Amino acid sequence: MVGSPTDGNIYRFHCPTLCDPCVPSNSSEKAVTLPSGTSQCCAQEVKKETEEKKRTKEKKDPDETRKVEENKRADEKKEARGKARRDAQPRYPRPPTSGEPLAAANNHPAYSTGDSNDDNPAKILQNTLEKLKIRKTQKSEATRRVNEIQEAITKHVKETLDWCKEINVLRTGSHYENVKICQSDEFDVMLAVSVERVDIQPFGEDGAFYTVALKRHQKHILDRFLNEDKTLSASKMLSEFREKVKEAADKLPDVSVDRKKQGCPAVTLQVKKGDLLISLDFVLGLEVHSQSWPNFTANGFQIDDWLGKKVKMDLKRKPYYLVCKYEGRGTREQDGVTAKDAWRISFSHVEKEVLKNHGHSKTCCETRPCCRKQCLKLLKYLVKRLKETYPKEAGKLCSYHAKTTLLHACAKRVEDSNWAAKQLSDCFQQLLHDFEVYLRKHELPNFFVPSHNLLKSAGLDNKSCDLLANYIESERNNGFPLFRQTPVNLTL
C-alpha cells in the first residue's frame, strides 16, 4: 500500500534507494528503507512497528515459557549425571590408538600420582614390586592350612576310589613357583593317576588336546571308564573324582566347594582363613609314561641355548600330564569322541622346574641376582590391571599368557647379563614389547606346543588384541600409569 503517513497506515514498502526525506538521522536505522515519495516521518512509523513486534514476541504464552525453563533444568541435570558417571568410571575409558599419547586419548593427565611423586620408571617399578610382596606370616599360615586340607582330601580319595589308590600329588602353580603376587590366596594341586601302555591321539589340529586309549592288555582298573571306542572318558572320571573331593570337603571346617564350571578341570574349594579367602584347585590328571612327548612338541621347548641340552633331555625323560579340560561346551566330536572326553596336555611340572632353575649359569641369583621373576610378577600385575580397567577387551587374558611370554623371552635372551637386576626397567620394557608384538600378530604360541595359539584358544578376538596392544604401548610410553594408581584390590 502506498499512502500518506498521516492516514494512520504503517508502511511496509521497501524502496531500493533512500530518498532524502526518508533517510533517518540515526545511523543505526539506515537499514530501514521506504518507498520513494513518502514523507520524512515514515522512518519513525516503521521504527514503531519494529518495536511493537519485539514487544509481542516477548509476551509469550506462560505455559510455553515454563516448558522452556523445565527443559533447560532437565538438560542441566542430565549433564550433571553424565559428569558424575564419567568421574566414577576408570581413568582410561578407551585404549588409545597406536602411537597416540595416553593423555591425548583420554583428555586428562597421563597418570595418577598415587602414593608416589617420583616420575622415574625404574623407581615406579621398584615401588610396584614392593606393594606386590606377600607377607611371610600370611604365606606360611596359608600354606600350612592348604597342606592340611590337601592331605585330608588325598587320603579320602585314595580310600574311597579304587583307581586312585596309587595317585600322585603334584603341587604346581605360581605359589610353588615363587611368583605369586599380592596375597597367598590361590593354590593348585594335581592328583594324577599313573598310566602306561596307552595310545595317545591328537584331538583337533593344534596339538593341545588328546584322546587316550588303553592298549590291549590284561584287565585294567580304569576299564569301567572306557567308551565304546576304548578311549578313556575324561568326563566320567572327573565326575566321580569330584564327588569324592566334595565328600571330604564337607567334613572340613571353613571349607566350601564351588559349583562346577564348564570346561574347567578343577574342583575348586574356598577356604576361609581369618580375613583371607583361599581358592584351592584340585585337578585330576593322567601321568603318562612314554618314551617321548607327542609329535606336536617337536619344535617347542627351545631351551638348548638357555638352560642347555642336557637339562632339556632330562626334563623330556620325565612323564607328561593330561588333565580333564576341554574348550567350548564339550559337544564337538571327532572320530566318535566328544570334546568333553578329551584331555589337554600339561607341562606344569616342567614350568615349575624351569622357573626354579632359571639361570643360564647354575650360579644365577647366588652372587648376581637377575630380574626374570620380577619381570614376570610385574607383567602378571599389568594383566590384572588391564582386566580391571578393560573387562570387555582383557577379560580373557590370564596369568599364563604372562608366563608364556616370559618363557619365550628367556629362550631368546639367554644370558644372565641380559636380565641383571639393575636393568629391571629395560628388561621389563622389552618384555612388554614382546607381549605387545604377540598381541599385534594375534598369536602367542604355547611354549611347548608351538601350533597351539593361546590367544585364540582363550577366545581373544583380533579387535581385542589390537586394542590391548595399543594400550600396552601407551603404558610403556607414559610411565606405567596403571602402576601409579591405587587398584580396587590386589588379588591375583
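Residues numbered from 1 in each chain as written. Predicted model: local features only at pLDDT ≥ 70, side-chain atom pairs only at ≥ 80, totals over all residues. Heavy atoms only, no water.

Participant: What is the right way to read the state of the cysteines from this model?
Facilitator: A covalent bond bridging the sulfur atoms of two cysteines is what the word disulfide describes. Summed over the entire model, instances satisfying the criterion amount to zero disulfides. No disulfide involves cysteine 375; its sulfur sits 4.0 Å from the nearest other cysteine sulfur, which is in cysteine 371. The exposure class assigned to cysteine 375 is buried, which follows from its relative accessible area of 0%. (Disulfide = S-S within 2.5 Å. Buried < 20%, exposed > 50% of the residue type's maximum accessible area, 1.4 Å probe, protein only.)

Participant: Explain the nonpolar core to me, please; I cannot follow it from the model alone.
Facilitator: Generally speaking, nonpolar side chains in soluble globular proteins are found buried as a group. Counting 108 residues, the largest nonpolar core has Trp163, Leu232, Phe241, Leu286 and Leu322 as its most contacted members. Other than its neighbours up to four places away in sequence, leucine 286 contacts Val193, Val195, Val212, Leu232, Met237, Tyr320, Tyr321, Leu322 and Trp343. (Core = buried A, V, L, I, M, F, W, Y, C linked by side-chain atoms within 4.5 Å. Contact = heavy atoms within 4.5 Å.)

Participant: Which parts of the structure should I look at to understand the pairing of strand S6 (residues 266–273)?
Facilitator: Sheet faces and side chains relate simply in a regular strand, where the side chains alternate between the two faces. A large share of S6 lies buried, amounting to six of its eight residues. Across three bridges, the pairing between strand S5 (residues 255–257) and S6 is antiparallel. Bridge pairing links valine 257 to leucine 269 in S6. Pairing between S6 and strand S7 (residues 276–288): eight bridges, direction antiparallel. (Helix = DSSP H or I, 4+ residues; strand = E, 2+ residues; numbered from the N terminus. Pairing = 2+ DSSP bridges.)

Participant: Please clarify how the pattern of salt bridges should be interpreted in this entry.
Facilitator: Two side chains bearing opposite charge may form a pair once their charged atoms approach each other closely. If you walk through the whole model with that rule in mind, you get 19 salt bridges. Notably, a salt bridge pairs aspartate 185 with lysine 180, separated by 3.0 Å at the nearest N-O pair. The exposure class assigned to aspartate 185 is buried, which follows from its relative accessible area of 4%. Classification of lysine 180 as buried rests on a relative accessible area of 6%. Its salt-bridge partner being aspartate 304, residue lysine 312 comes within 3.1 Å of it at the nearest N-O pair. Exposure remark for aspartate 304: the relative accessible area of 25% places this residue in the partly exposed category. (Salt bridge = Lys/Arg side-chain N within 4 Å of Asp/Glu carboxyl O.)

Participant: When you look at the packing of aromatic side chains in this model, what are you seeing that I'm missing?
Facilitator: Ring pairs (aromatic) are described by centroid distance and by the angle formed between their planes. Applying the stated criterion across every chain, the model contains 14 aromatic pairs. With centroids separated by 5.2 Å and ring planes inclined at 25 degrees, the aromatic side chains of phenylalanine 301 and phenylalanine 448 adopt a geometry described as stacked. With phenylalanine 301 in the loop between S7 and helix H8 (309–316) and phenylalanine 448 in the loop between helix H13 (424–441) and helix H14 (454–457), this residue pair connects regions lying 147 residues apart in the sequence. A relative accessible area of 2% places phenylalanine 448 in the buried class. Between phenylalanine 447 and phenylalanine 448, the aromatic rings sit 5.5 Å apart at their centres with planes inclined by 85 degrees, giving edge-to-face as the arrangement. Neither residue differs from the other here; phenylalanine 447 and phenylalanine 448 are each classed as buried. (Phe/Tyr/Trp six-rings, centres within 6.5 Å; stacked < 30°, edge-to-face > 60°.)

Participant: Honestly, the environment of glutamine 183 in this entry has me stumped. Any pointers?
Facilitator: Here glutamine 183 is to be found in the loop between helix H6 (174–177) and strand S2 (186–195). Sequence separation between glutamine 183 and alanine 142 is 41 residues, and the spatial gap between their C-alpha atoms is 9.6 Å.

Participant: Mind showing me how you'd approach the side chain of serine 233 here?
Facilitator: With respect to the helices and strands, serine 233 occurs in the loop between strand S4 (209–214) and helix H7 (234–250). Within polar-contact distance, the side chain of serine 233 engages the side chain of aspartate 341 at 2.7 Å. When sequence neighbours within four positions are dropped, the list of residues in contact with serine 233 reads Phe225, Asn227, Asp341 and Trp343. (Polar contact = N/O pair within 3.5 Å; in protein donor to acceptor, adjacent residues only side chain to side chain.)

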